[in-house]
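Spelled out from the first residue to the last, the chains are:
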Amino acid sequence: MLEVTDLECVRGNRTLFASVGFALRGGELLRAAGANGSGKTSLLRIVCGLLVPTRGEVRWRGSDIRSLREDYGRQLLYVGHANAVKDDLTASENLAVTCTLAGIPASGGQVRAALHRLGLAGCEKLPVRVLSQGQRRRLALARLALGGSVPLWVLDEPFTALDAAAVDCVQTLILEQLGRGAAVIFTTHQDQLAAAVTFCIDLDSRAR
Amino acid sequence: MLPAMRCVIHRDLLLALRRRADVMTMLLFFVIVASLFPLGVGPEPNLLRTIAPGVIWVAALLASMLSLTRMFSADYADGTLEQMLLSSAPLGAIVAAKVTAHWLISGLPLVLMAPVLALQYDLPRPLLEVLTLSLLLGTPVLSLIGAIGAALTLGVRGGGVLLALLVLPLYVPVLVIGAGTVDVAAAGLGAQPYFQLLGALLVVAAAFAPWAIAVALRISIE
């Protein structure tokens, strides 16, 4: 589904990585590994189309993602470093907005169920301002519970700031999604999902 | 496309409602700047009537500039802008929705308050209507042009000043035509051609600005 060929990324005169390539099929889980600053986030942003690579290209089902634009956006669910939640909105308002933007239809009941699944029951009507860091991360990841129909998930450090129960929950969500035949790319510094990883790209070995 | 636009407008209005201080600051700025001139210039009715359109237009222009820096910076900081770029709706449509919300929050209140402020300048009633209508057509253009500048200066240190330097010269045609509308109406000539010019500016800006803003945002977010 996703083919990445000969990627090179230069940030501020420094080559982060070169000649990175892989092909990801449905049901496969890719882990990008590497030390801090090795370019994991840059790789994920290139795969999403937020960053233009210095060289190489990313193709989705045969066509360049830059020509697909919002059609690619419909097939993609990206959870970045930043949680993309607004302090002044409530948890359920935030989730409803992110789902609408991503093109995932979600009724009020589904939004509530997703928040419950991530252990945010009782927080639906609270402004995000009063939530803790871990709860905000849970809220950002709650869209995974609604994004079952999206064929590609790109998750940047999904497990940071989460407690053991939430880590379990997110791992289950990812495994369920792989079972549905979707592809998932993620980064982590811990060893979650090690058994399920189809292949791992080590960016430290691709550095120049 | 449409649900995403409606959602963005609704979200921005909701955020403005929960952070009323931002809008109130801008409105108070407009009121104070427009009220300082009669106090400084003195109570000479003819002079006040002459300077009224220009002063109120400049005050509205500066007030709408105040809120420009906030237009994308909050969404940029918390990652929402990335989600907008990766949305299933075209970025141009989302940007158009954001500009619409910005105008509803910081343009429309200026239009509604302008006739009240113009009373301080002893502007006759028919001219009040012309002034309000000219602002109604002109302020959306200010929001559209300003949004291009806001998108270009996103994430730049000291972006606020740069934004003003970038955007103010581009505001000149709108200001000249907008204030000119009231002037020709005061001189007893028909203001119709000026309204048509303002309308043309609005149509051109509405057609091209969203596209320019989208391109600028894609560059800024890299």
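Some remarks on the overall build of chain A
The secondary structure content of chain A amounts to seven helices and nine strands. Each principal axis of the C-alpha distribution contributes one length, and for chain A these read about 50 × 35 × 30 Å. If you take every contact in chain A between residues at least 6 apart in sequence, the share linking residues at least 24 apart comes to 72%. Entry remark: accessible area of chain A is about 8,400 Å², with carbon and sulfur atoms responsible for 48%. The distance from the centre of the 24 positive side-chain charges to the centre of the 20 negative ones in chain A is 3 Å.

Regarding a nonpolar patch on the surface
Residues and elements named next belong to chain B. Together, Leu-28, Ile-32, Leu-36, Phe-37, Leu-39, Val-41 and Leu-47 line one region of the surface with nonpolar side chains, adding up to about 660 Å² of accessible area. Top element by residues in the nonpolar patch is helix α2 (residues 20-41). It accounts for six residues. Among the secondary structure elements, Leu-39 is positioned in helix α2.

Looking at the interface of chain A and chain B
Taken residue by residue, the interface counts 27 residues in chain A and 27 residues in chain B. Buried surface at the junction of chain A and chain B, summed over both partners, amounts to about 2,400 Å²; 59% is from carbon and sulfur atoms. The largest contributions to the chain A side of the interface with chain B come from Lys86(A), Asp88(A) and Leu101(A), which together make up 29% of the buried area. One can count five salt bridges joining chain A with chain B. Across the pair Glu82(B) and Arg45(A) runs a salt bridge whose closest N-O atoms are separated by 2.3 Å. Elements supplying a minimum of two residues to the side of chain A that touches chain B: α1 (40-48), α3 (70-74), β6 (76-79) and α4 (91-102) of chain A. The leading source of residues in the side of chain A that touches chain B is α4(A), at five residues.

Side note on the pattern of salt bridges
Where charged atoms from two side chains of opposite charge approach closely, those side chains can pair. According to the stated counting rule, one finds 22 salt bridges over all chains in the structure shown. A salt bridge links Glu176(A) to Arg180(A); its shortest N-O distance comes to 3.7 Å. The partner of Arg19(B) in a salt bridge is Asp22(B), with the nearest N and O atoms 3.7 Å apart. When salt bridges with common partners are traced through the structure, they connect Lys86(A), Arg11(B), Asp12(B), Asp75(B), Asp78(B) and Lys98(B) into a single cluster.

Regarding the pairing of strand β4 (residues 55-60) of chain A
Look at any regular strand and the pattern is simple: side chains alternate between the two faces of the sheet. Residues and elements named next belong to chain A. In terms of strand pairing, strand β1 (residues 2-11) meets β4 through five bridges, oriented antiparallel. Residue pairing across strands places Thr-5 opposite Glu-57, the latter belonging to β4. Inspection of the sheet shows β4 paired to strand β5 (residues 63-64) by two bridges, in the antiparallel sense. Residue pairing across strands places Arg-59 opposite Asp-64, the latter belonging to β5. Turn length for the β4-β5 hairpin, with the two strands adjacent in sequence and antiparallel, is two residues, and the turn residue Arg-61 shows positive phi of about 45 degrees.

Some points on the environment of Phe208(B)
Residue and element names in this part refer to chain B. Along the chain, Phe-208 falls in helix α10 (residues 192-221). A relative accessible area of 54% means that Phe-208 is categorised as exposed. Once the C-alpha coordinates of Phe-208 and Leu-68 are considered, the two residues, 140 residues apart in sequence, prove to be 18 Å apart.

Regarding the sheet that holds β5(A)
With respect to topology, four strands assemble into an open sheet ordered β2-β1-β4-β5 (chain A), the strand pairing being antiparallel. Because the sheet does not close on itself, it has two edges, and the strands there are β2 (14-24) and β5 of chain A.

Side note on α10(B)
Along its 30 residues, α10(B) runs 42 Å from first to last C-alpha, staying within 8% of the 44 Å computed at 1.5 Å per residue. The set of residues buried in α10(B) consists of Phe195(B), Leu198(B), Ala205(B), Ala209(B), Pro210(B), Ile213(B), Ala214(B), Ala216(B), Leu217(B), Ser220(B) and Ile221(B). Check the buried side of α10(B) and you find it contacts α1 of chain A together with α4 (70-77), α5 (80-85), α6 (91-106), α8 (125-152) and α9 (159-186) of chain B.

Some details on helix α1 (residues 2-18) of chain B
An ideal rise of 1.5 Å per residue puts 24 Å on 17 residues; α1(B) measures up with 24 Å between its terminal C-alpha atoms. Residues Ala4(B), Met5(B), Cys7(B), Val8(B), Arg11(B), Asp12(B), Leu14(B), Leu15(B) and Ala16(B) constitute the buried set of α1(B). If you follow the buried residues of α1(B), they end up packed against α4 of chain A together with α2, α4, α5 and α6 of chain B.

Section: unusual backbone geometry
All names here are of chain A. Of note in the backbone geometry, Asn-13 takes a positive phi value of approximately 70 degrees without being a glycine. Here Asn-13 is to be found in the loop between β1 and β2. Relative accessible area serves as the criterion here: at 81%, Asn-13 is assigned to the exposed category. Within the chain, Arg-69 stands out as a residue other than glycine whose phi angle is a positive 50 degrees. Structurally, Arg-69 can be placed in the loop between α2 (65-68) and α3. For Arg-69, a relative accessible area of 45% translates into the label partly exposed.

Description of the domain arrangement of chain A
All names here are of chain A. Taken domain by domain, chain A comprises domain 1 (1-75 + 183-208) and domain 2 (76-150). At the interface, eight residues of domain 1 touch six residues of domain 2. Between the two partners, domain 1 and domain 2, sit zero salt bridges. Where domain 1 packs against domain 2, one counts two residue pairs in polar contact (both at pLDDT 80 or more).

Thoughts on the pairing of strand β3 (residues 29-33) of chain A
All names here are of chain A. Where burial is concerned, most of β3 is hidden: five out of the five residues are buried. Side chains of β3 alternate between two faces, with Leu-29, Arg-31 and Ala-33 and Leu-30 and Ala-32 buried alike. Pairing analysis gives four bridges linking β3 to strand β8 (residues 183-187), with the strands arranged parallel. By the bridge assignment for β8, Arg-31 is matched with Phe-186. The pairing of β3 with strand β9 (residues 199-202) spans four bridges and is parallel. Considered in β9, the bridge of Ala-33 is made with Asp-202.

What counts, and where the lines are drawn
Residues numbered from 1 in each chain as written. Chains lettered and ligands numbered in written order. Predicted model: local features only at pLDDT ≥ 70, side-chain atom pairs only at ≥ 80, totals over all residues. Heavy atoms only, no water. Helix = DSSP H or I, 4+ residues; strand = E, 2+ residues; numbered from the N terminus. Contact = heavy atoms within 4.5 Å. Areas by Shrake-Rupley, 256 points an atom, 1.4 Å probe, with all protein chains shown as cover. Lys, Arg positive; Asp, Glu negative; His and termini not counted. Charge placed at Lys NZ, Arg CZ, Asp CG, Glu CD. Patch = residues over 30% accessible without salt bridge, like charges linked within 9 Å, V, L, I, M, F, W, Y side chains within 5 Å. Salt bridge = Lys/Arg side-chain N within 4 Å of Asp/Glu carboxyl O. Buried area = accessible area lost by both parts, 1.4 Å probe. Pairing = 2+ DSSP bridges. Buried < 20%, exposed > 50% of the residue type's maximum accessible area, 1.4 Å probe, protein only. Expected span 1.5 Å × (residues − 1). Domains from an automatic or database assignment. Polar contact = N/O pair within 3.5 Å; in protein donor to acceptor, adjacent residues only side chain to side chain.

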